[in-house]
Amino acid sequence: DSGVTQTPKHLITATGQRVTLRCSPRSGDLSVYWYQQSLDQGLQFLIQYYNGEERAKGNILERFSAQQFPDLHSELNLSSLELGDSALYFCASSVGRGQKDTEAFFGQGTRLTVV
Amino acid sequence: AQKVTQAQTEISVVEKEDVTLDCVYETRDTTYYLFWYKQPPSGELVFLIRRNSFDEQNEISGRYSWNFQKSTSSFNFTITASQVVDSAVYFCALTPMDSSYKLIFGSGTRLLVRP
């Protein structure tokens, strides 16, 4: 058990809908990362938050947004969903201090299916 | 640009065979980290190893060993005496030393170990 909790584990929704994925980082970790794993794009970095602030952005669509709350949990919001958004979404967390950031721990993932 | 290439899409071996998974990376950074992760059929990402670019010593952990060669930009992973439980997708990843420490993943190699 990595200590990173993602909910829900599975989500099935229709095209055009909006969903929210939730991540609770390990206790004490300030950095949260979101990754998307899809069949055509592989595993790719979406966005990172550090202590409530956005730190880095990857190939995240404009229909997607994220935030990190004062209690350090993070949410990834996906809107106007398309079939191609079906993927496994991972959250990872790390301490967030310099090179300690390279020790990222992954949650179990949320499998999103858009029908 | 940073990039990780895992040219082997799928490898199939018989139990007890040794198998090597190849990983080639590209980066202009002089300092970086390299990783291997395992994704079993259950879907979670399991951390296997992290290697600093300054440390070219090979590492052995039980049946697993890693060969890091900076001169050829390769970080290969060998499983000795493979077991059915080693069946999984294995990802090589690179972390550039910018402020985000995000992971850049290769496309993964699916390893099937047959009894």
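Going by the structure above, here's the rest.
Every value quoted in this text rests on a predicted model; they were computed, and no experiment measured them. (Residues numbered from 1 in each chain as written. Chains lettered and ligands numbered in written order. Predicted model: local features only at pLDDT ≥ 70, side-chain atom pairs only at ≥ 80, totals over all residues. Heavy atoms only, no water.)

A. Geometry of the overall build of chain A. Helix and strand counts for chain A come out as zero helices and eleven strands. Secondary structure elements of chain A occur, N-terminal to C-terminal, as β-β-β-β-β-β-β-β-β-β-β. By the compact-globule yardstick of 13 Å for 115 residues, chain A fits well, its C-alpha radius of gyration being 13 Å. Counting only C-alpha atoms and orienting by the principal axes, one finds that chain A spans roughly 40 × 30 × 25 Å. Buried residues in chain A amount to 51% of all 115 residues. Long-range contacts, defined as pairs at least 24 residues apart, comprise 55% of the intrachain contacts of chain A with a sequence gap of at least 6. Of the accessible surface of chain A, which amounts to about 5,500 Å², a share of 46% is contributed by carbon and sulfur atoms. Separation between the mean location of the 10 positive side-chain charges and that of the 12 negative ones in chain A comes to 4 Å. (Helix = DSSP H or I, 4+ residues; strand = E, 2+ residues; numbered from the N terminus. Rg over C-alpha atoms; globule rule 2.2 N^0.38 Å. Buried < 20%, exposed > 50% of the residue type's maximum accessible area, 1.4 Å probe, protein only. Contact = heavy atoms within 4.5 Å. Areas by Shrake-Rupley, 256 points an atom, 1.4 Å probe, with all protein chains shown as cover. Lys, Arg positive; Asp, Glu negative; His and termini not counted. Charge placed at Lys NZ, Arg CZ, Asp CG, Glu CD.)

B. Broad picture of the overall build of chain B. When helices and strands are counted, chain B shows zero helices and twelve strands. Starting at the N terminus and ending at the C terminus, chain B contains elements arranged as β-β-β-β-β-β-β-β-β-β-β-β. Dimensions of chain B, computed from C-alpha atoms along their principal axes, come out at roughly 45 × 25 × 20 Å. Here chain B holds 115 residues, and 49% of them are scored as buried. In chain B, the proportion of contacts linking residues at least 24 apart, taken out of those at least 6 apart, comes to 55%. For chain B, the accessible surface area stands at approximately 5,600 Å², while carbon and sulfur atoms represent 49% of it. Across chain B, the mean location of the 11 positive side-chain charges is 2 Å away from that of the 13 negative side-chain charges.

C. Examining the pattern of salt bridges more closely. Under the counting rule described, the total for this entry stands at six salt bridges over all chains. A salt bridge links Asp55 of chain B to Arg51 of chain B, with the nearest nitrogen and oxygen atoms 2.7 Å apart. With relative accessibility at 30%, the residue Asp55 of chain B sits in the partly exposed group. In this structure, a network of salt bridges that share partners links the residues Arg63, Glu82 and Asp85 of chain A. (Salt bridge = Lys/Arg side-chain N within 4 Å of Asp/Glu carboxyl O.)

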